[in-house]
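Results of the structural survey
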Amino acid sequence: MKAEDIFKDLELKFENLKVKGNTLPRYKAEVQPDKLEEAIIKFKSNGFNHFVALSCIDWIKDEKFELVYHLFSYEEKEDVFLSIFLPRNEPKYKTLRHLFPQIETYEREIHEMFGVEFEGNDRLGEFILEDWDNMPPMRKDFDTVKYGKEKYESVPLINEGGEKE
Amino acid sequence: MKEFELFVGPQHPGITGNFMYHLWVDGDTIVKAEAHPGYLHRGFEKLMERRTWQMNVALIPRICVPEPDVNEAVYAMGVESLMDWDIPERAKYIRTIVLEMARISSHLLTIGGYAGAIGLYTVGQWTVGDRDYLLDLFEQLTGARVYHIFIFPGGVRWDLPDGFLRKLEKVLNYLEGRLEFYDKLLFANEVFFRRAPDVGVVPKDKAIEWGVTGPNLRACGYDYDVRKVDPYAAYPDLDFEIPHYPKFGDFDVLGHGCDCYSRMIVRRLEIEQSIKILRQVIKKIPEGPHTLKLPNPLAWKVPAGYAYARVESSKGEYGYFVVSDGGKMPYRVHVRGPSYTHGINVTETIAKGLNIADFSQTIFSLDVCAPDIER
C-alpha cells in the first residue's frame, strides 16, 4: 500500500522532503503523540517493516523536542518520517520497543543525550556516557566549553589571564 | 554448572574495535550478552552543530575509520538535497570510484579480521597488505590515505590526477588475481567449512524487522542493496549484480543462509562486483566539471528543512538525517550507522546459545564497527 493512501486513511497531512542524490520519495508528517503507535502499526502492517532510525531534535526556541520515527518499505520503495513533539520541560513518552526491537537502543541513547523519558523501557540508564553529572549533553543549552573548563583542569588562554610562553 | 561472566573487549583480539560485550556463560555456552559502548564516544553530532557547513566535511570522515568516505558522501547528498543542487555527471562518477574503492578496502579488512577470528592469521596479513595498494591510490587522488576529505557538497574537491585511471586498472587487475589466493586460504578452507555454516544465525523472517541491512541482510536471501533500491551517484548507469544467498556462483552453498558462512561469501563476491563496477566507470566516465561553483564558505547558508540521504556502505545502510534552520551551521545531524542495530540488538539476541569460540567470528561476520554506534 502506498504511503500516500495510508496517510489518507489516517487523515494525516504530509509534506514531501527534497531529495537529491538518492531517488526515492520521502514523506514527513506530524502525528499526535497518542496516535503514533497506531500509525506505526498501520504502516508496519502495510509493508513499511524496516525501521531505519529514531532521531531527536531539540527545538529550544519553541520549547519542544521533536522525535522522528523513520520507516522504509522495500516493497513500495518509499520513506516515511513520522514526527511527534514533546514539551521540553517535561519530555515523556512511552516506549515503542515492542514494535521494532532496535527502538530500545535509540530510546536509551535519546534518554541519555536529551533526557527524554520513555515509560516502559527498563534499560534506560547509563549507555554511552559514564558517571555523567550534568544536563543531557545533546541539549542545545549545554555549553561544552564551560563544562570542559569546570570539569577538567585547563590552562587559561592569554586573554583570560594565562601566561605567555 | 554455575554461570560466570566473561568480558570480550574493550581490548581483545576478538572484538571489532574499542567496544565491549559482557557475556554470561554456562560452561562454554553463552546465556546472555550485553553490549557496552562508550569507549569511543567523541560527540560528533554535537560538534557538527557548532561548525559551518563546509567545516564539517573535515570532521565527519572520522566517524568511521575503516570506511570514512560514506560519511562524506551522505553528508554531501543531504546538503545537496536541502540546497536543491544537481551535481555534475563527472562528479557522480568520481564519487562512485571513491565509494567502490572504499568498499573493497573495507571488505579486505573485514575478511582479514574474520579469518583471524577462526585462527587463519595469514589472511589478515595479506589483505591488509593488498589494501595498501588502494590506500596508495587514495593518496594520489585525495592527498590522504585514511581520511580523505574529498567528497564535498556540490561535487568532489578536485579532478582525477593524470594517469589515475590507468593506475586504478592496474591495481584492479592485481586484486582480481589475489582473490584466488584468498579463496585457497580462507573461502575454500576446511576450517571455514566446518566452523562457519549455521553459526550466528539471524532468523530470516526477523531480519528486516530487526533493522539488518547490507551484506548481512543479503546473506539471509534478500537482494536488497541501496545502490539498486535507492540509487545514487553513477550507479543507475552501471551494470552489476547483487550477490545474495543462495546465489554464490562457484562457491558451495553450505548451511541454510543468514549465518557466518553466507555473510562472508557475500562479502567475497561483492569485491568481484566492485571491481566490475570500477572497470565500467573507467570506460564510461564523462568529461566535464568536477564540482559546482560553491558559495562563500563563511556566509554559506542552507535553506531550512529536513533531508535524509543514504548510501550502501560495506556494512549496510548508512544514512544522515540533516536538519537545517536556515543558518550557517547544521541545526542537527543524526547519523544512522548500520552497526547500531547489528552490534547491539542483533548481537545481544543471537549470541544466546553460541559457543564462546564462535562469538568472535559472529561479530566479525556481522562487521560490527564500533565508531558508528556511538559517533
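See the structure printed just above.
What counts, and at which threshold
Residues numbered from 1 in each chain as written. Chains lettered and ligands numbered in written order. Predicted model: local features only at pLDDT ≥ 70, side-chain atom pairs only at ≥ 80, totals over all residues. Pairing = 2+ DSSP bridges. Helix = DSSP H or I, 4+ residues; strand = E, 2+ residues; numbered from the N terminus. Axes fitted to C-alpha atoms, helices over the stretch in contact; angles between N-to-C directions. Left-handed = near helix turned anticlockwise from the far one by under 90°. Contact = placed C-beta atoms within 7 Å. Nonpolar A, V, L, I, M, F, W, Y, C, P; charged D, E, K, R; others polar. Expected span 1.5 Å × (residues − 1). Buried ≥ 20, exposed ≤ 12 C-beta atoms within 10 Å, placed from the backbone. Parallel < 35°, antiparallel > 145°, perpendicular 65-115°, else oblique.

**Here's the deal with the sheet that holds strand β3 (residues 29-36) of chain B**
Residues and elements named next belong to chain B.
- Pairing within the open sheet is antiparallel, and its three strands lie in the order β1-β2-β3. Sheet topology places β1 (4-8) and β3 at the edges, where each strand pairs with a single neighbour. Ignoring which end each strand starts from, the neighbouring axes of this sheet average 25 degrees apart.
- Relative to strand β2 (residues 20-26), β1 runs antiparallel, the two being bridged by five bridges. Across the sheet, residue glutamate 5 finds its bridge partner in β2, namely tryptophan 24.

**Quick notes on the packing of helix α3 (residues 69-83) of chain B against helix α4 (residues 89-117) of chain B**
Residues and elements named next belong to chain B.
- Direction vectors running N to C along α3 and α4 enclose 145 degrees, while the axes themselves pass 9 Å from each other. Our pair here, α3 against α4, has a crossing hand that is left-handed. The segment α3 lies against α4, with Asp69, Val70 and Ala73 engaging Arg95, Val98, Leu99 and Ala102.

**Regarding the interface of chain A and chain B**
- At the interface, 32 residues of chain A touch 38 residues of chain B.
- The set of elements that each furnish at least two residues to the side of chain A that touches chain B consists of β2 (26-30), β3 (50-59) and α3 (103-114) of chain A.
- Per-element tally for the side of chain A that touches chain B: the top contributor is β3(A), with six residues.
- The residue inventory of the side of chain A that touches chain B, partitioned by class, reads 15 nonpolar, nine polar and eight charged.

**What to know about the sheet that holds strand β1 (residues 14-16) of chain A**
All names here are of chain A.
- A sheet is described by the order of its strands in space; here five strands give the open sequence β1-β2-β5-β4-β3, paired in mixed fashion. With partners counted over all chains shown, the strands left at the sheet margins are β1 and β3, one partner each. Within the sheet, the average angular offset between the axes of one strand and its neighbour, ignoring direction, is 25 degrees.
- The sheet contact formed by β1 and β2 spans three bridges and is antiparallel. Residue pairing in the sheet places asparagine 16 in a bridge with tyrosine 27 of β2.
- This element, α3, spans β3 and β4 (64-73) of the sheet and lies at about 15 degrees to β3.

**As for the environment of B:Asn71**
- If you trace the backbone, B:Asn71 turns up in helix α3.
- Filtering out sequence-adjacent residues up to four positions away, B:Asn71 remains in contact with B:Ile60, B:Pro61, B:Ile63 and B:Cys64.

**So, helix α5 (residues 121-142) of chain B**
Residue and element names in this part refer to chain B.
- Taking 1.5 Å per residue, 22 residues should reach 32 Å; α5 reaches 31 Å between its end C-alpha atoms and fits that length.
- Listing the buried residues of α5 in full gives Val123, Thr127, Asp130, Leu134, Leu137, Phe138 and Leu141.
- Contacts made by the buried residues of α5 are with α4 and α6 (164-187).
- Looking at the residues trailing α5, positive phi occurs at glycine 143, about 95 degrees.

**Focus: the environment of B:Val25**
All names here are of chain B.
- Mapped onto the secondary structure, valine 25 falls in strand β2.
- Valine 25 gets classed as partly exposed once you count the C-beta atoms within 10 Å, which come to 19.
- Separated by 21 residues in the primary sequence, valine 25 and phenylalanine 4 have C-alpha atoms spaced 5.3 Å apart.
- Look past the residues within four positions of valine 25 in its chain and what remains in contact with it is Glu3, Phe4, Leu6, Ile30, Val31 and Ile356.

**Some details on the packing of α5(B) against α6(B)**
Residues and elements named next belong to chain B.
- For the pair α5 and α6, the least separation of the axes is 11 Å and the interaxial angle reads 170 degrees. The angle between the axes of α5 and α6 places the two elements in the roughly antiparallel class. The residues of α6 that touch α5, namely those facing Thr122, Val123, Trp126, Asp130, Tyr133, Leu134, Leu137, Gln140 and Leu141, are Phe164, Lys167, Leu168, Val171, Tyr174, Leu175, Arg178, Phe181, Tyr182, Leu185 and Leu186.

**Things to note about the pairing of β2(A)**
- Across five bridges, β2(A) lies against strand β5 (residues 78-87) of chain A in parallel orientation. Bridging across to β5(A), A:Arg26 finds its partner in A:Asp79.

**Focus: unusual backbone geometry**
- Geometrically, the link from B:Tyr245 to B:Pro246 is a cis peptide bond, its omega value of -5 degrees lying close to zero.
- With respect to the element layout, B:Pro246 can be found in the loop between α9 (226-229) and α10 (260-284).
- A positive phi is found at A:Asp131, a non-glycine position, where the angle reads about 50 degrees.
- Its place among the elements puts A:Asp131 in the loop between β7 (117-119) and α4 (144-151).
- Take A:Asp131: there are 5 C-beta atoms within 10 Å of it, and that puts it in the exposed class.

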